[in-house]
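Each chain, written out:
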Protein chains: 2
Amino acid sequence: MKNFRLQRKIGEKIIQIREIKGITQQDLAAACNFEKSNMSRIEAGRTNFTISTLFKISQALGVRLTDLVDTAD
Amino acid sequence: MKNFRLQRKIGEKIIQIREIKGITQQDLAAACNFEKSNMSRIEAGRTNFTISTLFKISQALGVRLTDLVDTAD
DNA sequence: CGGCATGTTATCATATATGATAACCACTTT
DNA sequence: AAAGTGGTTATCATATATGATAACATGCCG
């Protein structure tokens with residue numbers, strides 16, 4: 001598992017948008033059909049998620065996939 | 001494995017950029033440090049790749065991650 | 001204080017992505 | 001015809017993402 005930096009950046013983006021929308025990690029996880037523990041792992045950059053996982057999150061957040069990936073790197 | 005459509009779309013985007021740059025699947029795969037067979041799988045949308053795999057490809061293609069993900073969906 | 005909400009971390013089983021090899025097809029070139 | 005090029009597909013072993021559960025920490029509130 002590499003690219004911690006990228007994963008962390010995207011994780012931070014998820015947190016950022018999630019907090020703006022005022023949802024809890026718990027609720028976002030539920031909207032994605034997984035557990036809050038897994039969402040925590042993702043947001044912390046501790047997992048090299050697949051594109052479908054990221055897509056689920058983007059859908060749950062109501063943003064485009066691009067918005068999560070666009071970390072200005 | 002779901003989101004065949006998304007994976008396929010991104011795969012098509014990879015093909016598109018790869019062909020514009022005039023590189024073979026073989027060479028792109030080599031630049032990413034994997035085999036052409038795996039690149040074929042990815043381009044065909046037959047794998048739910050991780051973000052780090054997509055990132056490697058974007059780097060090898062000399063484009064931003066966003067450019068691959070931006071499928072106007 | 002005792003609950004409750006929010007988030008983190010460890011750990012487990014299971015599914016699947018990754019990396020590699022090999023066989024194959026369609027073309028092109030020698 | 002034989003060899004080379006570009007791509008596809010099947011299959012395998014291994015690493016790891018996913019999904020789940022549980023224990024924990026922190027802060028807040030009744």
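The structure under discussion appears in the preceding block.
Keep in mind that this is a model prediction, so the values were computed, not measured. (Residues numbered from 1 in each chain as written. Chains lettered and ligands numbered in written order. Predicted model: local features only at pLDDT ≥ 70, side-chain atom pairs only at ≥ 80, totals over all residues.)

A. Here's a closer look at the overall build of chain A. The secondary structure content of chain A amounts to five helices and zero strands. Secondary structure elements of chain A, listed N to C terminal, follow the sequence α-α-α-α-α. Oriented by its inertia axes, the alpha-carbon framework of chain A measures out at about 30 × 20 × 20 Å. Per-residue burial for chain A yields a buried fraction of 29% across its 73 residues. (Helix = DSSP H or I, 4+ residues; strand = E, 2+ residues; numbered from the N terminus. Buried ≥ 20, exposed ≤ 12 C-beta atoms within 10 Å, placed from the backbone.)

B. Spatial organisation of the relation of the copies chain B and chain A. Superposing chain B onto chain A takes a rotation of 180° plus a shift of 0.0 Å along the axis, which leaves an RMSD of 0.0 Å. The operation mapping one copy onto its partner corresponds to a two-fold rotation axis. Among all C-alpha atoms of chain B, that of T50 of chain B lies closest to the rotation axis, at 1.9 Å. Here 100% of the contact residues of chain B are again contact residues in chain A; the copies associate through an equivalent surface. (Least-squares fit on C-alpha atoms with pLDDT ≥ 70 in both. Contact = placed C-beta atoms within 7 Å.)

C. The protein's contact with DNA strand D, seen in detail. S37, N48 and T53 of chain A together with T24 and S37 of chain B are the nearest of the 20 residues found near DNA strand D. Elements supplying a minimum of two residues to the surface near DNA strand D: α3 (36–43) of chain A together with α2 (25–31) and α3 (36–43) of chain B. When residues in the surface near DNA strand D are grouped by element, the largest group, five residues, is from α3 of chain B. In terms of residue class, the surface near DNA strand D is built from four nonpolar, 12 polar and four charged. (Near = placed C-beta within 6 Å. Nonpolar A, V, L, I, M, F, W, Y, C, P; charged D, E, K, R; others polar.)

D. Representation of unusual backbone geometry. All names here are of chain A. Despite not being glycine, N33 has its phi angle at roughly 70°, a positive value. Tracing the chain through its elements places N33 in the loop between α2 (25–31) and α3. The class of N33 is exposed, set by 8 C-beta atoms lying within 10 Å.

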